Amino acid sequence: MSTKGMWCILVALFLAGGGCVSEQPAPRVTAETSPSDVTAAPPAKAQGPTEVADESTVETRTPDVIYVPTPQPVVERMLELAKVTKNDVVYDLGSGDGRIVVTAAKKYGCRAFGFDIDPQRVREAKENVAKNGVGDLVTIQQKDIFTLDLSPASVVTLYLLPSLNVKLIPQLEKLKPGARIVSHDFDMQGVTPDQVVTVDEDGDGFGRTVYLWTTPLKKGSAAQG
Ligand SMILES: C[S@@+](CC[C@H](N)C(=O)[O-])C[C@H]1O[C@@H](n2cnc3c(N)ncnc32)[C@H](O)[C@@H]1O
């Protein structure tokens, strides 16, 4: 056998054995009072896509932001601001317990997709979908949002962090013209919002901010609000 042939067999055996990198389970992420960066947590090894029974692609690594749910009045306002109709396709990036996609399907009868990297959140969201009887309209998948093709979406909802919103810009630019993006609490530096509203859910004068952008994105200006 040639030297090249031997080398190919050695490389194939190494890869089949997983090389010298050990597997690490994804960390458990718990709810806190507001989202925060979790990049300080020990890094988990990104696992390659794996086929599962529901044929969705599972992706597991450390979440970029902890789970904090959007209060229901703010969810309702986000969907109103985006002028969701039954013809829309809503994507919630980092969907938590699925409340945004469940509300979109129940209230507007549209299709909605929730993506979260944390398997615990994916389980909760699937339970929420089943409990609310919207399984025909809502799909929940365990995915890293930074690997998604967003072009099928006409509405994208976000409750992440300012830096993560900015990181999503190249993907958001691939949305069709007229798509709407709404973000709870956080702007997108370098992209001018069309609207910024405050939702005072508790009536205590301390409102939550919701930002709306429409595509094509208005880049090159400082975000307002
Ligand atoms: C602040 S919570 C928002 C939950 C939900 N969208 C809401 O507004 O109620 C952010 C969610 O993003 C998820 N997340 C963080 N990094 C992610 C990533 N790279 N891909 C997918 N989900 C991610 C977290 O697991 C968490 O559930």
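We now turn to the structure provided with this report.

Rules of the game
Residues numbered from 1 in each chain as written. Predicted model: local features only at pLDDT ≥ 70, side-chain atom pairs only at ≥ 80, totals over all residues. Near = placed C-beta within 6 Å. Helix = DSSP H or I, 4+ residues; strand = E, 2+ residues; numbered from the N terminus. Nonpolar A, V, L, I, M, F, W, Y, C, P; charged D, E, K, R; others polar. Core = buried A, V, L, I, M, F, W, Y, C linked by C-beta atoms within 7 Å. Buried ≥ 20, exposed ≤ 12 C-beta atoms within 10 Å, placed from the backbone. Contact = placed C-beta atoms within 7 Å. Expected span 1.5 Å × (residues − 1).

**Quick word on the site of the ligand**
Part 1 of the argument: Near the ligand you find 26 residues, and of these Pro-63, Thr-70, Gly-94, Gly-96 and Tyr-159 are the closest.
Part 2 of the argument: Of all the secondary-structure elements, those providing two or more residues to the shell around the ligand are α3 (99-108) and β4 (111-116).
Part 3 of the argument: Class assignment of the residues belonging to the shell around the ligand gives a composition of 14 nonpolar, five polar and seven charged.

**Side note on the nonpolar core**
Part 1 of the argument: Membership of the largest hydrophobic core comes to 49 residues, with the highest contact counts inside it found for Val-90, Val-101, Ala-104, Ala-105, Ala-112, Val-138 and Val-156.
Part 2 of the argument: When neighbours within four sequence positions are excluded, Val-138 is seen to be in contact with Val-101, Val-102, Ala-105, Ala-112, Gly-114 and Val-129.

**Re helix α4 (residues 119-131)**
Part 1 of the argument: If you check α4, its first and last C-alpha atoms are 18 Å apart, about what 13 residues at 1.5 Å a residue would give, namely 18 Å.
Part 2 of the argument: Here α4 has its buried residues at Arg-121, Val-122, Glu-124, Ala-125, Lys-126, Asn-128 and Val-129.
Part 3 of the argument: Against α3, β4 and β5 (138-142) lie the buried residues of α4.
Part 4 of the argument: Gly-133 occupies a position one or two residues after α4 and carries a positive phi of about 65°.

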